Amino acid sequence: MDPTFSEVIGAIYDCVAEENLWPIALRLIGAQVNGFLTTIAVFDTTTNTARLAQLACDDEDAIAALLRHARDVPFYHLLHRMEIDEPGTLERMFALYGPDGEDVWRNGALYQNFHRKFGVANSIDMAILKRPTRIGTINISVQYPEIGKAQFDLVGQLGPHIRRAVTIHDMLQMERGQAAIFREVIDRIEHGVVIVADTMEILYANPAGELFLREEALLASQGGRLTIRFPLADAAVARAVTLGVRDEVELAGVGIDVPLGATSRPAVAHVLPLTRRSLGQPIETRAAAAIFIAAAGTVIQTAIEAVAALFGLTPAEKRVAGYVAGGMTRQDIATAQGVTQDTVKSQLSAIYDKTGTGDQRSLQSLMRELSPPVRRG
């Protein structure tokens, strides 16, 4: 494992508790692909305001120009069409916009006053949060026109870690201004939070978390250890805690949006690793992870999304699982993706290994078990 990459991921998770650390993390993220300026933002689509807006760049004039013309971006209405954790370039945005996408862009004020002036030739854009009233993105402006697979792969690998940090940050944001330390914040929020050791021993639960534990519909304490009633979710959360202690890089998509079962009070869990966090308050030193329980919202989590969350499928694996759910053959999947059957065979093998299934029929059966869809918060 590249120690620099591990440092980047650690910096990303540090931002959950301290929003003012985002410029440090963004600088490290941008450096992975020789970026010029990196931004991260979460937009509230009901108020058209930014709940999170941070950037990093060494050129103060470029920062000023970007801030002056940021509202001139013609692609905001397309952000919801970007796939989570899948980086793309300006060319993708042009294609989503339509035949005149590039002309609209080049005639715009942002291009004229930022891109052209500071030699920004392209960008890597990626969706990191999609909720009923939220859309989150990260953008890395680069001064070279052609972005290669290596750069895309690096940003894609960082995607789940950024998504986890931003998702939990968004859950905490409403209370952040009223509480100085992490412990006070989690005590105030309406979402359940349970802090566990690496053995899943419960070290602390906020009031909402205690209520979940008392009701025992989704969570329970057995011998002082956290258990989740839905066995697949219990295994997924425990795996995320273990990975977070062993190596945060390995967490990737494991432990985000984990469905806790289709109950009368459906919810999902997000696992935040704590072993390497410095949170500035007396949380038990054995704390390995904080498990956030997000109550039901208005987004429907499909069976495919549930499988991806439970087993940590990559975006490509999730896409293939969707093809399988639709009854497509290996040849059909290869044609749809423009790849060989051997590539599809390799992708399916990885999916079977992660999900404990052995063929397309058993994978389809697993997805049927997770239907009807589970609502998520």
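Residues numbered from 1 in each chain as written. Predicted model: local features only at pLDDT ≥ 70, side-chain atom pairs only at ≥ 80, totals over all residues. Heavy atoms only, no water.

Moving on, we get to the nonpolar core. Judged by nonpolar contacts, the single largest core of 97 residues is most densely connected at W22, I162, L219, I291 and F292. The biggest single contributor to this core is helix α7 (residues 149-176), with 8 residues. Contact partners of W22, with chain neighbours within four places excluded, come to I12, C15, I40, L52, Q54, A165, V166 and H169. (Core = buried A, V, L, I, M, F, W, Y, C linked by side-chain atoms within 4.5 Å. Buried < 20%, exposed > 50% of the residue type's maximum accessible area, 1.4 Å probe, protein only. Helix = DSSP H or I, 4+ residues; strand = E, 2+ residues; numbered from the N terminus. Contact = heavy atoms within 4.5 Å.)

Under the criterion given, the structure shown has 6 aromatic pairs. Seen in terms of ring centroids, F36 and F114 are 6.5 Å apart; in terms of plane orientation they differ by 35 degrees. Their pairing is tilted. You can see F36 sitting in the loop between α2 (22-32) and β1 (37-44) and its partner F114 sitting in helix α6 (residues 109-115), a full 78 residues away along the chain. Of the two residues, F36 and F114, both sit in the buried class. Ring centres 5.5 Å apart and planes at 20 degrees place the aromatic pair F75 and W105 in the stacked group. Placement of F75 in the loop between α3 (60-69) and α4 (90-97) and of W105 in helix α5 (residues 101-106) is noted, with a sequence separation of 30 residues between them. Take F75: its relative accessible area is 4%, and that puts it in the buried class. Note on W105: relative accessible area 5%, which makes it buried. Three or more aromatic residues link up through ring pairs in this structure, and these residues are F75, F94, Y97 and W105. (Phe/Tyr/Trp six-rings, centres within 6.5 Å; stacked < 30°, edge-to-face > 60°.)

One side chain can pair with another of opposite charge once the charged atoms of both are near each other. All told, the structure shown has 13 salt bridges when counted by the stated rule. Between E317 and K354 there is a salt bridge; the shortest N-O distance is 2.8 Å. With E317 in helix α12 (residues 315-325) and K354 in helix α14 (residues 341-355), this pair connects stretches of sequence that are 37 residues apart. With a relative accessible area of 10%, E317 lands in the buried category. (Salt bridge = Lys/Arg side-chain N within 4 Å of Asp/Glu carboxyl O.)

Turning next to unusual backbone geometry. Unusually for a residue other than glycine, D85 sits at a positive phi of about 65 degrees. With respect to the secondary-structure elements, D85 resides in the loop between α3 and α4. Overall, D85 belongs to the buried group, its relative accessible area being 6%. Even without being glycine, A252 reaches a positive phi, approximately 40 degrees. Counting through the fold element by element, A252 comes out in the loop between α10 (231-246) and β9 (258-259).

Taken as a whole, the protein shows an average pLDDT of 86; of its residues, 90% reach a score of 70 or greater. Looking at the elements of the protein, mean pLDDT is at its lowest for strand β13 (residues 374-376), recorded as 47, and at its highest for strand β8 (residues 225-228), recorded as 96. This stretch, residues 174-179, has a pLDDT under 50; its non-local contacts, to residues over four places away or in other chains, come to 14 contacts. Below pLDDT 50 for its whole length, residues 373-377 participates in 34 contacts with residues either more than four positions away or in separate chains. (pLDDT = per-residue confidence, 0-100.)

Read from one edge of the open sheet, 4 strands run β2-β1-β4-β3, paired in antiparallel fashion. Of all the strands in the sheet, the pair left with one neighbour each is β2 (49-57) and β3 (122-131). Across the sheet, the mean angle separating the axes of adjacent strands is 10 degrees when strand polarity is ignored. Note: β1 against strand β4 (residues 134-142), 8 bridges, orientation antiparallel. Residue pairing for β4: A41 is matched across the bridge by T137. Against the sheet, α3 makes contact with β1 and β2, and its axis sits at roughly 160 degrees relative to β2, the strand it touches most. (Pairing = 2+ DSSP bridges. Axes fitted to C-alpha atoms, helices over the stretch in contact; angles between N-to-C directions.)

Turning to the sheet that holds strand β11 (residues 289-295), a few remarks are in order. One key point about sheets: their strands pair by backbone hydrogen bonds, in either a parallel or an antiparallel sense. Spatially, the 5 strands line up as an open sheet ordered β6-β5-β11-β10-β9, and their pairing is antiparallel. If you trace the sheet from one side to the other, it starts and ends with β6 (202-205) and β9, each paired once.

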